[in-house]
Amino acid sequence: MHNRIIKSYAEVLRFSLPVIDIVPHMFAIQDRNIKDINNIPQLPKTACHKGCDSCCYIQVSVSPPEIFYIANRLKTFHNFPEILERIDKSFEVMNHKRHPNRPVHPCPFLVDHQCSIYEFRPGTCRQFSSYSDKACKQGLINQEKGLECEVPTGQIRMHVCQIPPTALVKKLIDMGLEFHGIELIEGLHLALHDPTAQERWLNGEAVFADCVLGVVNPNEIIEAHSRFLNHDFMEMLIQKVLEMEIESVKSI
Ligand code: SF4
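Residues numbered from 1 in each chain as written. Predicted model: local features only at pLDDT ≥ 70, side-chain atom pairs only at ≥ 80, totals over all residues.

Q: Got a sec to walk through the overall build of the chain? Specific residues and values, please.
A: Regarding its fold elements, the chain presents eleven helices and five strands. The C-alpha atoms of the chain give a radius of gyration of 18 Å, which matches the 18 Å a tight globule of 252 residues would have. Along the longest, intermediate and shortest principal axes, the C-alpha atoms of the chain span 50 × 45 × 30 Å. A buried classification covers 32% of the 252 residues belonging to the chain. Contacts in the chain between residues at least 24 apart in sequence constitute 79% of all its contacts with a sequence separation of at least 6. (Helix = DSSP H or I, 4+ residues; strand = E, 2+ residues; numbered from the N terminus. Rg over C-alpha atoms; globule rule 2.2 N^0.38 Å. Buried ≥ 20, exposed ≤ 12 C-beta atoms within 10 Å, placed from the backbone. Contact = placed C-beta atoms within 7 Å.)

Q: Give me the lowdown on the site of the ligand, citing residues and values where you can.
A: Taken together, the neighbourhood of the ligand is formed by Cys56, Val60, Cys107, Phe109, Leu110, Cys115, Ile117, Arg121, Pro122 and Cys125. Of the residues contributing to the shell around the ligand, the split by class is nine nonpolar, no polar and one charged. (Near = placed C-beta within 6 Å. Nonpolar A, V, L, I, M, F, W, Y, C, P; charged D, E, K, R; others polar.)

Q: Lay out the packing of helix α1 (residues 3-14) against helix α7 (residues 155-175) in plain terms, naming residues and giving numbers.
A: When two helices pack together, you describe them by how their axes are tilted relative to each other and by the distance separating the axes. Between α1 and α7, the shortest axis-to-axis distance is 8 Å and the interhelical angle comes to 25°. Classed by the angle they form, the pair α1 and α7 counts as roughly parallel. At the point where α1 passes α7, the crossing takes the right-handed sense. Contact residues: α1 offers Ile5, Ser8, Tyr9, Val12 and Leu13, while α7 offers Val160, Ile163, Pro164, Thr166, Ala167, Leu168, Lys170 and Lys171. The residue makeup of the contact of α1 with α7, split by class, is nine nonpolar, two polar and two charged. (Axes fitted to C-alpha atoms, helices over the stretch in contact; angles between N-to-C directions. Parallel < 35°, antiparallel > 145°, perpendicular 65-115°, else oblique. Left-handed = near helix turned anticlockwise from the far one by under 90°.)

Q: I'd like to hear about unusual backbone geometry, residue by residue, with values.
A: The linkage connecting His99 with the following residue, Pro100, adopts the cis geometry, with an omega of 10°. Locating Pro100 in the fold gives a position in the loop between α4 (80-94) and β2 (110-111). Unusually for a residue other than glycine, His96 sits at a positive phi of about 65°. Relative to the helices and strands, His96 resides in the loop between α4 and β2. Since 11 C-beta atoms lie within 10 Å of it, His96 is described here as exposed. Despite not being glycine, Asp112 shows a phi value in the positive range, around 50°. You can see Asp112 is positioned in the loop between β2 and β3 (114-115).

Q: Any details on the packing of helix α2 (residues 19-38) against helix α3 (residues 64-75)? Residues and values, ideally.
A: Taken N-terminus to C-terminus, the directions of α2 and α3 make an angle of 85°; their axes are 8 Å apart at the nearest point. As summarised for this structure, α2 and α3 are arranged roughly perpendicular, according to the angle between their axes. Contacts between α2 and α3 pair Val19, Ile20, Ile22, Val23 and Pro24 from the former with Pro65, Glu66, Phe68 and Tyr69 from the latter. Residues of the contact of α2 with α3, tallied by class, amount to eight nonpolar, no polar and one charged.

Q: Report on the sheet that holds strand β5 (residues 212-214), specifying residues and quantitative values.
A: Spatially, three strands are ordered β1-β4-β5 in an open sheet, and the strand pairing comes out antiparallel. Each edge of the sheet is formed by a strand with only one pairing partner; in this case those strands are β1 (61-62) and β5. As paired elements, β1 and strand β4 (residues 181-183) share two bridges and run antiparallel to each other. Across the sheet, the residue bridging to Ser61 is Glu183, located in β4. (Pairing = 2+ DSSP bridges.)

Q: An account of the nonpolar core is needed here, citing residue identities and associated values.
A: One finds Ile67, Val160 and Leu188 to be the most contacted residues of the largest nonpolar core, which totals 44 residues. Mapped onto this core, the elements with two or more residues apiece are α1, α2, α3, α4, α7, α8 (184-193), α9 (197-202) and α11 (231-249). Among the elements that make up this core, the one with the highest residue count is α7 (eight residues). Those residues within four positions of Leu188 in sequence are excluded, and the remaining contacts are Ile67, Ile70, Ala71 and Ile87. (Core = buried A, V, L, I, M, F, W, Y, C linked by C-beta atoms within 7 Å.)

Q: Kindly report on α11, identifying the contributing residues and their values.
A: The terminal C-alpha atoms of α11 lie 27 Å apart, and with 19 residues this matches the ideal 27 Å at 1.5 Å per residue to within 8%. Every buried residue of α11 is listed here: Met234, Ile238, Leu242 and Glu245. Along the long axis of α11, the arc covered by the buried residues comes to 65°, so they all point the same way. Among the exposed residues of α11, those pointing more than 90 degrees away from its buried face are Asp232, Met236, Lys240, Glu243, Met244, Glu247 and Ser248. On its buried face, α11 is in contact with α1, α7 and α10 (218-228). (Expected span 1.5 Å × (residues − 1). Arc of directions from axis to C-beta.)

Spelled out as structure tokens, the structure:
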């Protein structure tokens, strides 16, 4: 039933392109997985809509090749100096702080309540969805006050959206390249200010060592690899998460 989603892991592994060039394909496969889930009639629609930006105030973790792909795209923009200024400003405000000590600050790509890099936004941004925009708005208010707030996020969408990036991380591990999750703004700040960063990273240097947000355990990725390639296991897992979500959404 979920064939295309399950095969998306092996699909990313099979790419023989330079690793940074795989990123746009990975984004497209993530979007396709979400679309396949959205087509399941029993699953209610999410509350996400254009102009709702509550989730664009939180820290975002991205893989190193995504950082370079996004940085390279940004450099081609006619207003690149202005974009760089916004990134630099956010970098200063964040000052390497992490949740819950991180100031509540909009992503520098948020313009008029919309993502200005929507087409090539990070994979993590593609993963988030919510069944309640009210809870998201409250979450943002609570965050400013240092309080937590439960948001009914779309778990099945998150699960299927994480399949392609997991394959990309497996590739990075196999290639001996730095693979931890990097804080988006810190990573872009470094990639856009250090012209040697991409080449050094491609040569196996841990150029983002000071920007790590999500530490990845390579053993967990290697262990997960066989499960991701096990069609029956994945079918069962996706079906289980889907059924749990359909049930839990009834109470919202
Ligand atoms: S990159 Fe775009 S979607 Fe992601 S947090 Fe920033 S504005 Fe939001």
